[in-house]
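Structure assessment
Residues per chain, in single letters:
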Amino acid sequence: MIYSRSSLENQLSGSIPTELGELDSLEYLGLFRNQLTGGIPTELGELGSLEYLGLFRNQLTGGIPTELGELGSLEYLYLYGNDLTGGIDGGICDLRLQNLTLLVLEADCDVCNASPADCCSGCLVD
């Protein structure tokens, strides 16, 4: 079983493999400070044990998948430093504001500003 996967500052490029969604025991996924492109795979919403998701400082584009709102164990979500568009879905915000499981949610300010009030714990300008 894999409980943790971190590939930080390895200059990884290309898209995030959808197959990561099959690692159902994964608790920590840190793919930050790389050169990853494309969208955030919806399959990451299948990682029911995931507590930490760090995708910051890549070149990710598109919206934030609503499926991430299914991550009931998620405590830390870092998305800033990408080219993501739109806001953060209400289901993801519910993890922070109602379920109180999501302790930290940081994204770029334009993403946070397009989201429900108080959804982000912090916004960053790159």
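Look above for the structure.
Definitions and limits used
Residues numbered from 1 in each chain as written. Predicted model: local features only at pLDDT ≥ 70, side-chain atom pairs only at ≥ 80, totals over all residues. Heavy atoms only, no water. Pairing = 2+ DSSP bridges. Helix = DSSP H or I, 4+ residues; strand = E, 2+ residues; numbered from the N terminus. Buried < 20%, exposed > 50% of the residue type's maximum accessible area, 1.4 Å probe, protein only. Arc of directions from axis to C-beta. Contact = heavy atoms within 4.5 Å. Polar contact = N/O pair within 3.5 Å; in protein donor to acceptor, adjacent residues only side chain to side chain.

Strand order across the open sheet formed by four strands is β2-β4-β6-β8, with parallel pairing between neighbours. Each end of this open sheet is capped by a strand with a single partner; those strands are β2 (13-14) and β8 (83-84). In the sheet, strand β4 (residues 35-38) pairs with strand β6 (residues 59-62) via two bridges, with the strands oriented parallel. Residue Gly38 lies in a different strand from β6, and its bridge partner there is Leu60.

Positive phi outside glycine occurs at Arg57, with the angle close to 55 degrees. Within the secondary structure layout, Arg57 lies in the loop between β5 (52-54) and β6. Although it is not a glycine, Asp118 adopts a positive phi angle of roughly 65 degrees. Along the chain, Asp118 turns up in the loop between α2 (109-113) and β10 (122-124).

The next point concerns helix α1 (residues 90-97). Every buried residue of α1 is listed here: Ile92, Cys93 and Leu95. One face of α1 carries all of its buried residues, which in axial projection span an arc of 150 degrees. Residues of α1 that are buried sit in contact with β7 (76-78) and β9 (104-108). At the N-terminal end of α1, a side-chain oxygen is found 2.8 Å from the backbone nitrogen of Gly91, two or three residues along, and the residue is Asp89.

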